[in-house]
Amino acid sequence: MLNTATRYGAISRTLHWLMALMIVALVLLGLYMTDLPKADPARAQIVALHKAFGVLVLMAWVLRLAWLRISPAPRLPGEFSRPERRLIKGLQGLLYALMFLAPAAGYTLSVAGGHPVSVFGLFDLPRLFGANHALAHLARALHAPLAYALVGVAALHAMGAIKHRLRDRGGATDVLPRML
Ligand code: HEM
């Protein structure tokens, strides 16, 4: 369960891969649903699904940060150069920021637009503010760019892991197995 000095534990690994899967699915759902005509009844259902999974990403984000406090991540191997360490840590920091900001913009555009955010029909998220046209407009303008930035940074992050797997398989900088 716990992370060790050299490996991620089951909780961190589950959160990592579940979030990756949900983020890819959310972008695909987002692109698909916004292309559907507003009158299509499937659109409302898919938007509701998109919102509920987006809320799960936000919840997983909170859990993930809380879990890192309880069980810190393994350190990066000393074999990485200083610039590599800076790049890896910088990308991870950006990922954490975007994994919060993209769904937070989605929540804001819904709530400020006067729409509820239901989680699979089980309960509604509290509305942190009232309807606000200007805020809804701003959040709508930011939501897609933040989502695309998230996918772009995640792709760079994955390319780094794949590069070290191919170049240094089994070596100290081949860190992919620590997350598998
Ligand atoms: C990591 C989480 C999320 C990602 C990656 C994501 C991604 C996207 C994408 C790619 C679109 C299509 C944008 C376009 O092409 O115009 C979209 C639309 C939308 N998303 Fe999200 N989303 C996330 C979370 C959320 C959350 C938490 C909510 C609400 C609670 C939400 C509500 C919406 C709504 C209402 C739209 C339609 C906006 C419109 O009609 O212009 N999203 N999302």
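Here, the structure is the one placed above.
The model shown is predicted, which means the values in this text are computed figures rather than measured ones.

(A) Molecular detail of the coordination of the iron atom of the ligand. Every protein donor of the iron atom of the ligand is listed here as H50 (NE2) and H143 (NE2), and their distances to the metal cover 2.0 Å. Coordination at the iron atom of the ligand is octahedral, judged from the 6 donor atoms that bind it and the angles of 85 to 179° they form at the metal. You can see H50 sitting in helix α2 (residues 41–70) and its partner H143 sitting in helix α4 (residues 133–167), a full 93 residues away along the chain. Exposure remark for H50: the relative accessible area of 13% places this residue in the buried category.

(B) Region of interest: the site of the ligand. Taken together, 23 residues lie near the ligand, and M33, H50, G106, R140 and H143 sit nearest. Take H50: an N or O atom from its side chain is 2.8 Å from a nitrogen atom of the ligand. Within the contact set of the ligand, a nitrogen atom lies 2.7 Å away from a side-chain nitrogen or oxygen of H143. Placement of the ligand is best described as lying within the second largest pocket. Contributing elements (two or more residues each) for the shell around the ligand: α1 (10–35), α2, α3 (82–112) and α4. Residue composition of the shell around the ligand, grouped by class: 13 nonpolar, 7 polar and 3 charged.

(C) Representation of the packing of α1 against α4 in the model. Viewed as axis vectors pointing N to C, α1 and α4 meet at an angle of 135°, and their least axial separation amounts to 11 Å. On the basis of their axis angle, the class for α1 and α4 is oblique. As α1 runs across α4, the sense of the crossing is left-handed. Contacts between α1 and α4 involve H16, I23, V27 and L31 from the first element and A147, Y148, L150, V151 and H157 from the second. Among the residues making up the contact of α1 with α4, the classes are represented as 7 nonpolar, 2 polar and no charged.

(D) Seen up close, a nonpolar patch on the surface. Taken together, the side chains of L49, F53, M59, F120, L122 and F123 present a nonpolar region at the surface, about 550 Å² in accessible area. At 3 residues, the largest contribution of residues to the nonpolar patch is made by α2. Here F120 is to be found in the loop between β1 (118–119) and β2 (123–124).

Thresholds, definitions, all that
Residues numbered from 1 in each chain as written. Predicted model: local features only at pLDDT ≥ 70, side-chain atom pairs only at ≥ 80, totals over all residues. Heavy atoms only, no water. Donors = N, O, S within 2.8 Å, 3.2 Å for Na, K, Ca; no water. Tetrahedral: all angles 85-135°; square planar, octahedral: opposite > 155°, others 65-115°. Helix = DSSP H or I, 4+ residues; strand = E, 2+ residues; numbered from the N terminus. Buried < 20%, exposed > 50% of the residue type's maximum accessible area, 1.4 Å probe, protein only. Near = heavy atom within 4 Å. Polar contact = N/O pair within 3.5 Å; in protein donor to acceptor, adjacent residues only side chain to side chain. 1 Å grid on protein atoms, 1.4 Å probe; cavity = no way out; pocket = protein on both sides within 12 Å on 5 of 7 lines; lining within 4 Å. Sits in = over half its atoms within 2 Å of the grid points. Nonpolar A, V, L, I, M, F, W, Y, C, P; charged D, E, K, R; others polar. Axes fitted to C-alpha atoms, helices over the stretch in contact; angles between N-to-C directions. Parallel < 35°, antiparallel > 145°, perpendicular 65-115°, else oblique. Left-handed = near helix turned anticlockwise from the far one by under 90°. Contact = heavy atoms within 4.5 Å. Patch = residues over 30% accessible without salt bridge, like charges linked within 9 Å, V, L, I, M, F, W, Y side chains within 5 Å. Areas by Shrake-Rupley, 256 points an atom, 1.4 Å probe, with all protein chains shown as cover. Salt bridge = Lys/Arg side-chain N within 4 Å of Asp/Glu carboxyl O.

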